[in-house]
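Summary of the model geometry
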Amino acid sequence: MLNSTVSRAPSSEENRVSSAVLSVRHLVKDFALGHALKSETMRAVNDVSFDLNRGEALAIVGESGSGKSTGARILSRIYRQTSGEVRFKGQLLEDFIAKHGELEYARQVQMIFQDPFGSLNPVHTIYHHIARPLLIHGRANKADVPAKVYQLLELVGLTPVAETAEKYPHELSGGQRQRVAIARAIAVDPEVILADEPISMLDVSVRLGILNLMSDLKDKMGISFMYITHDIATARYFAEKTAVMYVGHMVEWGDSDSVTQTPQHPYSQLLLSAVPKVGNGGRRALAVKKGEIPLWHAESVGCPFVGRCPRATSTCQETMPDVTQLSETHFARCHHL
Ligand SMILES: Nc1ncnc2c1ncn2[C@@H]1O[C@H](COP(=O)(O)OP(=O)(O)O)[C@@H](O)[C@H]1O
Ligand SMILES: [Mg+2]
């Protein structure tokens, strides 16, 4: 996609970089609002396009409700998109699944959730959690399973391995449980891991360890990560590319250094200003209005950030901004750029 992982929204026919493992084009997801008599919908994801390259991490950054999890759930087949296309290793997702099956796609595209306790079964040992996917996906013969489980526990830093294997989820710390979830994900040799806020429920002291573990797996195993977070600082730390989402829209994207160090969209600037800085006693003042976060509909017009933007004009109220290319690897949607 124009030689960058996260780039301007191109037409589906524009050149695809072969290193893209997952490509998303013009993704839209509407949800019914649940009124008994009206068929009203809200648009949780609107015209989202990006490429996730092999062995790279793409951070999706935004506040709660910006559509990050909905995007990940479409990629993991929990939801179906309203429109737009997803390609896996160059093939339309529907074609890949028709050819190889849901189970094979689920093997290759794994998900890690925010709450490691919720994603583990309290009645089963750690051994069971890791052995099960190995058997379901035929990744080890029965006789080889114990050695493979121990090898995976070692790889994610859960030692001594034999002792850990016998434990139950409640006997581990939050960070250790997330390591089990990671071991389970990599057990089946995936191409992609969709990590939905994988550290936000963990103790601050163990967050860096989990990010470093994912970084190692990315570099050593060539796994691509979609890293969902509301923390722009960890996006810069972990991911090569970053996309900032607001109310279902990608408002700024590109190489992480540019997006997180010299953000150009007022919303990205707001996120960055909320990051505590050493020496300034905490947070910088926000030059952004409090404003309502809009409920987006198919018929909505204008820039989604208009209600909170200090630079909003009547044009911003009326027209969705086009994509502005700020550098070879940096893009944003704002009328003032
Ligand atoms: N299953 C659902 N049914 C209806 N609305 C949903 C559903 N899932 C998410 N939404 C709505 O879609 C929007 C985006 O949600 P989500 O993707 O969870 O955001 P994020 O992960 O960025 O916090 C929110 O307004 C949320 O209420
Ligand atoms: Mg979420």
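Residues numbered from 1 in each chain as written. Chains lettered and ligands numbered in written order. Predicted model: local features only at pLDDT ≥ 70, side-chain atom pairs only at ≥ 80, totals over all residues. Heavy atoms only, no water.

An unreviewed UniProt entry lists the chain under the name ABC transporter ATP-binding protein, with Vibrio agarilyticus as the source organism.

What follows deals with the overall build of the chain. Looking only at helices and strands, one finds 12 helices and 12 strands in the chain. The burial tally for the chain puts 51% of its 337 residues in the buried class. For the chain, contacts bridging at least 24 residues in sequence account for 62% of all contacts bridging at least 6. Summed over all atoms, the accessible surface of the chain reaches about 15,300 Å², with 50% contributed by carbon and sulfur. (Helix = DSSP H or I, 4+ residues; strand = E, 2+ residues; numbered from the N terminus. Buried < 20%, exposed > 50% of the residue type's maximum accessible area, 1.4 Å probe, protein only. Contact = heavy atoms within 4.5 Å. Areas by Shrake-Rupley, 256 points an atom, 1.4 Å probe, with all protein chains shown as cover.)

Here we take up the sheet that holds strand 8 (residues 224-229). Reading across the sheet, the eight strands line up as 6-7-8-3-9-10-12-11 and stay open at both edges, with mixed pairing between neighbours. Taken across any chain shown, the strands that pair with only one partner, and hence form the sheet edges, are strand 6 (109-112) and strand 11 (323-327). Neighbour-to-neighbour, the strand axes of this sheet turn through a mean angle of 20°, independent of strand direction. Note: strand 11 against strand 12 (residues 330-333), four bridges, orientation antiparallel. Opposite threonine 324, over in strand 12, you have alanine 332 as the bridge partner. Docked against the sheet, helix 1 (residues 68-75) engages strand 3 (57-61), strand 6, strand 7 (192-196) and strand 8, running at close to 150° with respect to strand 8. (Pairing = 2+ DSSP bridges. Axes fitted to C-alpha atoms, helices over the stretch in contact; angles between N-to-C directions.)

Enumeration according to the criterion identifies zero disulfides in this entry. Here cysteine 316 is not disulfide-linked; the sulfur of cysteine 303 is the nearest cysteine sulfur, at 6.2 Å. Of all cysteine sulfurs, the one in cysteine 309 lies closest to cysteine 334, which takes part in no disulfide; the gap is 6.0 Å. Of the residues examined, cysteine 334 reaches a relative accessible area of 7% and is grouped as buried. (Disulfide = S-S within 2.5 Å.)

The environment of ligand 1 is formed by Phe31, Met42, Ala44, Glu63, Ser64, Gly65, Ser66, Gly67, Lys68, Ser69, Thr70 and Tyr79. Here serine 66 contributes a backbone N or O atom positioned 3.0 Å from an oxygen atom of ligand 1. Measuring from an oxygen atom of ligand 1, one finds a side-chain N or O atom of lysine 68 at 2.8 Å. With the chains in place, 65% of the 560 Å² that ligand 1 exposes on its own is no longer accessible. For the shell around ligand 1, the secondary structure elements donating two or more residues are strand 2 (41-53) and helix 1. Sorting elements by how many residues they give to the shell around ligand 1 places helix 1 first, with three residues. Grouping the constituent residues of the shell around ligand 1 by class yields four nonpolar, six polar and two charged. (Near = heavy atom within 4 Å. Polar contact = N/O pair within 3.5 Å; in protein donor to acceptor, adjacent residues only side chain to side chain. Nonpolar A, V, L, I, M, F, W, Y, C, P; charged D, E, K, R; others polar.)

Put simply, helix 4 (residues 126-136) and helix 7 (residues 174-186) touch, their axes get as near as 8 Å, and they point 20° apart. As the angle between them shows, helix 4 and helix 7 are arranged roughly parallel. Crossing angle aside, the handedness with which helix 4 passes helix 7 is right-handed. Contacts between helix 4 and helix 7 pair Ile126, His129, Ile130 and Pro133 from the former with Val180, Ala183 and Arg184 from the latter. Each residue belonging to the contact of helix 4 with helix 7 can be placed in one class, and the counts come to five nonpolar, one polar and one charged. (Parallel < 35°, antiparallel > 145°, perpendicular 65-115°, else oblique. Left-handed = near helix turned anticlockwise from the far one by under 90°.)

All right, on to the pairing of strand 4 (residues 83-88) then. Bridge analysis of strand 1 (residues 20-32) against strand 4 gives five bridges, and the strand direction is antiparallel. By the bridge assignment, leucine 22 is partnered in strand 4 with phenylalanine 88. Note: strand 4 against strand 5 (residues 91-92), two bridges, orientation antiparallel. Directly across from arginine 87, in strand 5, lies its bridge partner leucine 92. Here strand 4 folds back onto strand 5 in antiparallel fashion, the turn holding two residues, of which lysine 89 has a positive phi close to 50°.

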